[in-house]
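Listed here are the chains, written in short residue letters.
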Amino acid sequence: MGITSKRILGIDPGTVVMGYALIEIVDNNPKILHTGVVKTGKLKDHYLKLKQIFIRTQHLMNEYLPDELAIESPFYGKDIQAMLKLGRAQGIVMGIALEKDIPVFEYAPLRVKQAITGMGRASKEQVAFFLRNMFKDDELPRELDATDALAVAVCHYLQLRSPLKGKSYKGWGDFVKKNPGRVK
């Protein structure tokens, strides 16, 4: 059987700092290809920040040709304006991927942390520690936003390997319908 490979672009969306990480899976072994951040903090206008995110994301996808996009979903916060701005940045990234026929997979921050550390409430530093142990030979990014993007990409990779992949249920009734022999 030939070598199989897949490139996953992980994105930690943000309007001040957006982290990104590209990993390649070859024969079920992940390797870091590229990581970094897009910084827009010096730009005053929100729309100019979105434009910069658009330009850099388009460049990343054109240069590295990912097979799939894994993106962190916004978490619920008290600052509605900040969530709205974050959602706009996320939407731009997703739109570029969809326009290029790159499948999009979205993961909640708690799920990403759980997949990497086993703890849904892990700190950014704890996530980086676990990733450092996973990628012993690869150089990990210094910026925690890039590490978070790497965590999203690795979370997606782990989901692809999961024996439960493809099994999703919309509630108890759906589970019973799809598994009649398991319920008595």
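Here the structure is a predicted model, which means the values were calculated and not measured.

### Structural notes on the environment of Met94
Then, in step 1: Inspection of the secondary structure assignment puts Met94 in helix H2 (residues 80-99).
Then, in step 2: As a C-alpha pair, Met94 and Ala70 span 24 residues in sequence and 9.4 Å in three-dimensional space.

### A word on H2
Then, in step 1: Between its first and last C-alpha atoms H2 spans 28 Å; for 20 residues at 1.5 Å apiece the expected length is 28 Å, and the two agree.
Then, in step 2: Taken together, the buried positions of H2 are occupied by Leu86, Ala89, Gln90, Ile92, Val93, Met94, Ile96 and Ala97.
Then, in step 3: Contact partners of the buried residues in H2: strand E1 (5-12), strand E2 (17-26), helix H1 (46-64), strand E4 (68-72) and strand E5 (104-107).
Then, in step 4: By the N-cap criterion, in which a side-chain oxygen at the helix start approaches the backbone nitrogen of a residue two or three places on, H2 is capped by Asp79, the distance to Gln81 being 3.2 Å.
Then, in step 5: Asp101 sits one or two positions beyond H2 and adopts a positive phi of about 60°.

### Topic: the confidence of the model for the protein chain
Then, in step 1: Model confidence for the protein chain is summarised by a mean pLDDT of 87, while 85% of its residues fall at 70 or above.
Then, in step 2: Per-residue pLDDT, averaged within each element of the protein chain, yields its smallest value for helix H6 (residues 172-178) (67) and its largest for E4 (97).

### Structural notes on the pairing of E4
Then, in step 1: Taking burial as the measure, the five residues of E4 include five buried ones, the bulk of the element.
Then, in step 2: Residues Glu68, Ala70 and Glu72 line one face of E4 and the alternating positions Leu69 and Ile71 line the opposite face, and both faces are buried.
Then, in step 3: Bridge count for E1 against E4 is four bridges, and the pairing is parallel. Its bridge partner lying in E4, Ile8 is registered against Glu68.
Then, in step 4: Examined bridge by bridge, E4 and E5 share four bridges and lie parallel to one another. The residue of E5 that forms the bridge with Ile71 is Glu106.

### Description of the nonpolar core
Then, in step 1: One finds Ile23, Leu131 and Leu150 to be the most contacted residues of the largest nonpolar core, which totals 22 residues.
Then, in step 2: Counting residues per element, the ones that place at least two in this core are E2, helix H3 (109-117), helix H4 (124-134) and helix H5 (144-161).
Then, in step 3: Broken down by element, the residue count for this core peaks at eight residues, all from H5.
Then, in step 4: Excluding residues within four positions of it along the chain, Ile23 makes contact with Lys6, Arg7, Ile8, Pro30, Lys31, Ile32, Leu33, Leu150, Ala153, Val154 and Tyr157.
Then, in step 5: Formed by 20 residues, the second largest nonpolar core is a distinct cluster that contains Met18, Tyr64, Ala97 and Ile102.

Criteria and cut-off values
Residues numbered from 1 in each chain as written. Predicted model: local features only at pLDDT ≥ 70, side-chain atom pairs only at ≥ 80, totals over all residues. Heavy atoms only, no water. Helix = DSSP H or I, 4+ residues; strand = E, 2+ residues; numbered from the N terminus. Expected span 1.5 Å × (residues − 1). Buried < 20%, exposed > 50% of the residue type's maximum accessible area, 1.4 Å probe, protein only. Contact = heavy atoms within 4.5 Å. Polar contact = N/O pair within 3.5 Å; in protein donor to acceptor, adjacent residues only side chain to side chain. pLDDT = per-residue confidence, 0-100. Pairing = 2+ DSSP bridges. Core = buried A, V, L, I, M, F, W, Y, C linked by side-chain atoms within 4.5 Å.

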